[in-house]
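Next come the chains, spelled out residue by residue.
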Amino acid sequence: MKILVLNSGSSSIKYQLFEKPENKVLLSGIIERIGEENSQVSHKFHNEDGTYKKLEIQEPISDHEKGLKQIVSLQMDPEYGAIDSADEIVAVGHRVVHGGEEFSTPTLINEAVLQKLHKLSYLAPLHNPHNLKGIEVATKIFKGASQVAVFDTSFHQTMPKHAYRFPIPESFYLEHGLRAFGFHGTSHQFVSQQAASYLGIPIDHFNTITIHLGNGCSMAAIQGGKCVDTSMGLTPLGGLMMGTRSGDIDPSLILFLAQNLSMSVSEIDRLLNKESGLKGLTGDNDLRNILLRYEKGDSAAELAIEMYVYRIRKYVGAYAAILGRLDALIFTAGVGENSSFIREKVCENLNILGVELDEGLNNEKTSGIKEIQSQGASTRVMIVPTNEELQIVNQVFDLIGD
Ligand code: ADP
């Protein structure tokens, strides 16, 4: 059975075509700069042996509908495609950033669901409208396929009230739905399940802290396989310091910027979402470049790395206190999977939590799941590569069965 996974952003569409139940990736790719003159299509045909043939196309793609049509024609290409007709695609799994309180599981999309999702867009105005556009276009093109929404927020819906409510009058929650939701849920769920199954621990007995460090960064406290707290909040701005986002700040900073510096709401929004975090402190949001500068003694890079790590460590301490028993600390995503230096700094002097790294294992380059704690350490430290597309396709498959 062929299932297509789509991730529609504001100016890009990422896609992967899977064969289920084998979990084979047949095709994958990304269309970038939709709406601009220099749109770029990067498409891969995956061979059986893990290698792939790549096709790059530069041509203007004016909107998501044209982008998706391009994806369909690439899927049917005699040399780079894997299907003869769009009807072969049984289901399309869509990444949707915000599912609000309403959607705590992957959901088959129909007109009523679509209406509800449109209503939720006020909670994620930067993301949801583009995700919904992808759904609308895919529904027109893949007429016979089931369309399924998989939400970034769903996994965090098990958080207790005392974790997700804000200490402000209840009416803001009841009338406007203002609460913490959390994001990157697909990734936190995927890596925690992968780790539990790798270790042979039943998921409902597995306590872990997952640390997702990509451009966006978030952590989750997971007790018995269920999320009990997470660092992002109402939007993906809260929590850890990130590539361009500030993460946690004293909320009165916003009042100060408005009152004393006369900054508008959109200027503050831009400052905190796009011009803060690593970028705000160093002018660069790519941690690889910042680490190179750090090695040369660049003081801005040093402060940025110290703050980045310090904030992760504060959450590790907080989440360990919440969980009581910690089986594993899990690192994932671009930084978490690749930077032995950041992992080392996060785990430094954490013996109080039974965390002790094996330097050799931490520095050794391998792919796949790996334990990197030293022998005899009571808490495991793990690198678990995330794969949000695979998690989405698995959830779609579980929902529609065969
Ligand atoms: P996204 O959130 O866009 O999916 P990724 O998970 O791909 O992001 O992570 C991107 C981040 O990972 C970038 O900041 C990049 O610098 C960082 N990264 C990738 N490889 C390394 C590495 N070897 N060392 C340090 N950071 C890395």
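Residues numbered from 1 in each chain as written. Predicted model: local features only at pLDDT ≥ 70, side-chain atom pairs only at ≥ 80, totals over all residues. Heavy atoms only, no water.

A. Fine view of the site of the ligand. In the neighbourhood of the ligand, 13 residues make up the surrounding shell, with Asn-215, Asp-286, Leu-287, Gly-334 and Asn-338 lying closest. In the model, an oxygen atom of the ligand is placed 3.0 Å from a nitrogen or oxygen of the Asn-215 main chain. With respect to the ligand, the backbone of Leu-287 contributes an N or O atom lying 3.1 Å from an oxygen atom. Starting from 590 Å² of accessible surface for the ligand in isolation, the protein chains cover 67%. Put simply, the parts of the chain that give the shell around the ligand at least two residues each are α10 (287–295) and α12 (333–338). The leading source of residues in the shell around the ligand is α12, at 4 residues. For the shell around the ligand, the residue count by class is 4 nonpolar, 7 polar and 2 charged. (Near = heavy atom within 4 Å. Polar contact = N/O pair within 3.5 Å; in protein donor to acceptor, adjacent residues only side chain to side chain. Areas by Shrake-Rupley, 256 points an atom, 1.4 Å probe, with all protein chains shown as cover. Helix = DSSP H or I, 4+ residues; strand = E, 2+ residues; numbered from the N terminus. Nonpolar A, V, L, I, M, F, W, Y, C, P; charged D, E, K, R; others polar.)

B. A look at the domain arrangement of the protein. Domain boundaries assigned for the protein yield domain 1 (2–151) and domain 2 (202–388). With centres defined by C-alpha atoms, the gap from domain 1 to domain 2 works out at 29 Å. (Domains from an automatic or database assignment.)

C. Just the packing of aromatic side chains, in detail. Under the defined criterion, the tally for this structure stands at 4 aromatic pairs. Ring centres of Tyr-164 and Tyr-173 lie 6.2 Å apart, and the angle between their planes is 45°; on these two criteria the pair is classed as tilted. Where Tyr-315 meets Tyr-319, the ring centres are 5.5 Å apart and the plane angle is 65°; that geometry is what we call edge-to-face. Note that Tyr-315 and Tyr-319 are positioned in helix α11 (residues 299–323) at a spacing of 4 residues, about one turn of the helix. Overall, Tyr-315 belongs to the buried group, its relative accessible area being 15%. When the ring centre of Tyr-52 is taken as origin, the NZ or CZ atom of Lys-44, which lies over that ring, is 4.3 Å away. Here Lys-53 stacks its cationic end above the ring of Tyr-80, 5.3 Å away from the centre of that ring. (Phe/Tyr/Trp six-rings, centres within 6.5 Å; stacked < 30°, edge-to-face > 60°. Buried < 20%, exposed > 50% of the residue type's maximum accessible area, 1.4 Å probe, protein only. Lys NZ or Arg CZ within 6 Å of the ring centre and 35° of its normal.)

D. Focus on the pairing of strand β3 (residues 24–32). Two strands pair when backbone bridges link them, and strand β2 (residues 13–19) and β3 are joined in this way by 7 bridges, in the antiparallel orientation. Of the residues in β3, the one forming a bridge with Ile-13 is Ile-31. (Pairing = 2+ DSSP bridges.)

E. A look at the packing of α10 against helix α13 (residues 340–347). The contact between α10 and α13 brings their axes to 11 Å, and the two run at 75°. Classified by the angle between their axes, α10 and α13 sit roughly perpendicular to one another. For the pair α10 and α13, contact is made by Leu-287, Leu-291 and Tyr-294 and by Phe-341, Ile-342 and Lys-345, respectively. Split into classes, the residues belonging to the contact of α10 with α13 amount to 5 nonpolar, no polar and 1 charged. (Axes fitted to C-alpha atoms, helices over the stretch in contact; angles between N-to-C directions. Parallel < 35°, antiparallel > 145°, perpendicular 65-115°, else oblique. Contact = heavy atoms within 4.5 Å.)

F. Molecular detail of α11. The end-to-end C-alpha separation of α11 is 36 Å, in line with the 36 Å expected for 25 residues at 1.5 Å each. Count one or two residues on from α11 and you reach Gly-324, which has phi positive near 80°. (Expected span 1.5 Å × (residues − 1).)

G. Looking closely at the sheet that holds strand β8 (residues 146–151). Spatial ordering of the open sheet is given by β5-β4-β3-β2-β1-β6-β8-β7, a layout of 8 strands whose pairing is mixed. The open sheet is flanked by β5 (52–58) and β7 (107–108), the only strands paired with a single partner. Where strand β1 (residues 2–8) and strand β6 (residues 89–96) come together, 5 bridges link them in parallel fashion. In the strand pairing of β6, Leu-4 is matched with Val-92.

H. Fine view of the state of the cysteines. A full pass over the atoms with the stated rule returns 0 disulfides. Unpaired in terms of disulfides, Cys-227 finds its nearest cysteine sulfur in Cys-217, a separation of 17 Å. A residue is classified by how much of its surface remains accessible, and Cys-227, at 0% relative accessible area, is buried. Summary of cysteine pairing: Cys-347 is not part of a disulfide, and the nearest cysteine sulfur, belonging to Cys-217, is at 15 Å. (Disulfide = S-S within 2.5 Å.)

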